[in-house]
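What the coordinates show
Spelled out, the chains give:
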Amino acid sequence: MPKFAANLTMMFNEVPFIERFEAAARAGFKYVEFLWPYDYSVETIKQELNKHGLQVVLFNTPAGDVTQGEWGVSAIPGREAQSHQHIDLALEYAVGLGCPNVHIMAAVVPEGMNKVEYQETFIRNIRYAAEKFKPHGVNILLEALSPEVKPNYLLKSQYDTLDIVERVARDNVFVQLDYFHAQNVDGNLARLTDKLNGKFAHVQIASVPDRHEPDEGEINYEYIFNKLDEIGYQGFVGCEYKPRGETTSGLGWFVKYK
């Protein structure tokens, strides 16, 4: 049975972020994830986790200057020092919070720039991260983002991500398999799951096309969950979706998995 993690960036937006831990626990979640923890101290977040019996299982490295269109800096040539700062900060939070996974954001590749240089920069920075994370048992995750969501992001296909993982060639670096993005770009999700089996260490879900609860749209998630059980997937399933309305009113799909 999947181990579902509520994404506190996208779910329970009826209350401020720091109150979403309690809301997730009340709804029956044992695990949470979010995009970024850096507006709060490790101690503040750890207190919420402990108070409500939760484990955080994933968050991202900082995004850079989003007002300038950045979405990660670890693939940007010449920004290696900042990438390492972001990686070191994320590791500090991961160790302090007992989080097993960190998604290292790549970058948007501006029109006209050399994509190969961005790939090579990203690979070098991921190898730096892999060495730093290894003694702490923290996995590094890389994620493809569909062009509809993030145009010109370095990784758009699951196969783009798999290629980087294989080129990095470190045993603590994995694909972050987001079925929403995968369906938008790759399709054929059952065979894709088989192809990536052993290469991914975290899953995320949302309906397609509207990125709502997984009980609507064109993906049969009951089939996908059974598929994950069939291949022996032991990781977490992050609920990275935008609720149709009030969060708890849309959790009918989740009841049978509690």
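These numbers were taken from a predicted model, which means no experiment stands behind them.

Parameters at a glance
Residues numbered from 1 in each chain as written. Predicted model: local features only at pLDDT ≥ 70, side-chain atom pairs only at ≥ 80, totals over all residues. Heavy atoms only, no water. UniProt positions renumbered as here; feature names shortened; annotations may be inferred. Helix = DSSP H or I, 4+ residues; strand = E, 2+ residues; numbered from the N terminus. Buried < 20%, exposed > 50% of the residue type's maximum accessible area, 1.4 Å probe, protein only. Arc of directions from axis to C-beta. Contact = heavy atoms within 4.5 Å. Axes fitted to C-alpha atoms, helices over the stretch in contact; angles between N-to-C directions. Left-handed = near helix turned anticlockwise from the far one by under 90°. Nonpolar A, V, L, I, M, F, W, Y, C, P; charged D, E, K, R; others polar. Parallel < 35°, antiparallel > 145°, perpendicular 65-115°, else oblique. 1 Å grid on protein atoms, 1.4 Å probe; cavity = no way out; pocket = protein on both sides within 12 Å on 5 of 7 lines; lining within 4 Å. Points joined across faces, edges and corners; volume = space filled by probe spheres on them. Pairing = 2+ DSSP bridges. Right-handed = clockwise from strand over helix to strand, strands pointing away.

The next thing to look at is the UniProt feature "domain: Xylose isomerase-like TIM barrel" (unreviewed entry) in the chain. According to UniProt, the feature "domain: Xylose isomerase-like TIM barrel" (unreviewed entry) maps to residues 21-254 in the numbering used here. The span residues 21-254 carries 38% helix and 14% strand; its end-to-end C-alpha distance comes to 17 Å.

Listed in full, the buried residues belonging to helix α7 (residues 189-196) are Leu 189, Leu 192, Thr 193 and Leu 196. What you see down the axis of α7 is that its buried residues fit within an arc of 100°, all on one side. Looking at α7, the residues exposed on the side facing more than 90 degrees away from the buried face are Arg 191 and Lys 195. For α7, the elements touching its buried residues are α5 (158-168), β6 (173-178), α6 (179-185), β7 (200-205) and α8 (221-230). Once α7 ends, the next one or two residues include Gly 198, with phi positive near 90°.

At a minimum axis separation of 10 Å, helix α2 (residues 42-51) and helix α3 (residues 80-97) run at an interaxial angle of 35°. Handedness of the α2/α3 crossing: right-handed. Along its contact with α2, which presents Val 42, Ile 45, Lys 46 and Leu 49, the element α3 presents Glu 92, Tyr 93, Gly 96 and Leu 97. Taken together, the residues that form the contact of α2 with α3 break down as five nonpolar, one polar and two charged.

All right, on to the packing of α7 against α8 then. Two elements in contact, α7 and α8, have axes separated by 11 Å at closest approach and are oriented at 25°. Between α7 and α8, the angle is such that the two are roughly parallel. You can see that α7 and α8 cross each other, and the crossing is right-handed. Residues Leu 189, Ala 190, Thr 193 and Asp 194 of α7 pack against Tyr 223, Ile 224, Lys 227 and Leu 228 of α8. Looking at side-chain class alone, the contact of α7 with α8 contains five nonpolar, one polar and two charged residues.

With that out of the way, let us pick up the side chain of Thr 247. Mapped onto the elements, Thr 247 comes out in the segment after β8 (236-239). Not counting the four nearest positions on each side in its chain, Thr 247 is found in contact with Met 11, Phe 12, Asn 13 and Glu 14.

What follows concerns the layout of surface pockets. Empty space among the atoms can be located by rolling a probe the size of a water molecule over them. Of the voids in this model, the largest pocket is the one considered here, and its volume is about 240 Å³. Forming the boundary of the largest pocket are 21 residues, of which Leu 35, Trp 71, Glu 143, Leu 145 and Glu 240 lie nearest the centre. Here the residues of the lining of the largest pocket are counted per class, giving nine nonpolar, seven polar and five charged.

This paragraph deals with the pairing of strand β5 (residues 139-142). In terms of strand pairing, strand β4 (residues 101-103) meets β5 through three bridges, oriented parallel. Considered in β5, the bridge of His 103 is made with Leu 141. Remark: the β4/helix α4 (residues 115-133)/β5 crossover connection has right-handed handedness. Here β5 pairs with β6 via three bridges, running parallel. Bridge assignment links Leu 142 to a residue of β6, and that residue is Val 175.

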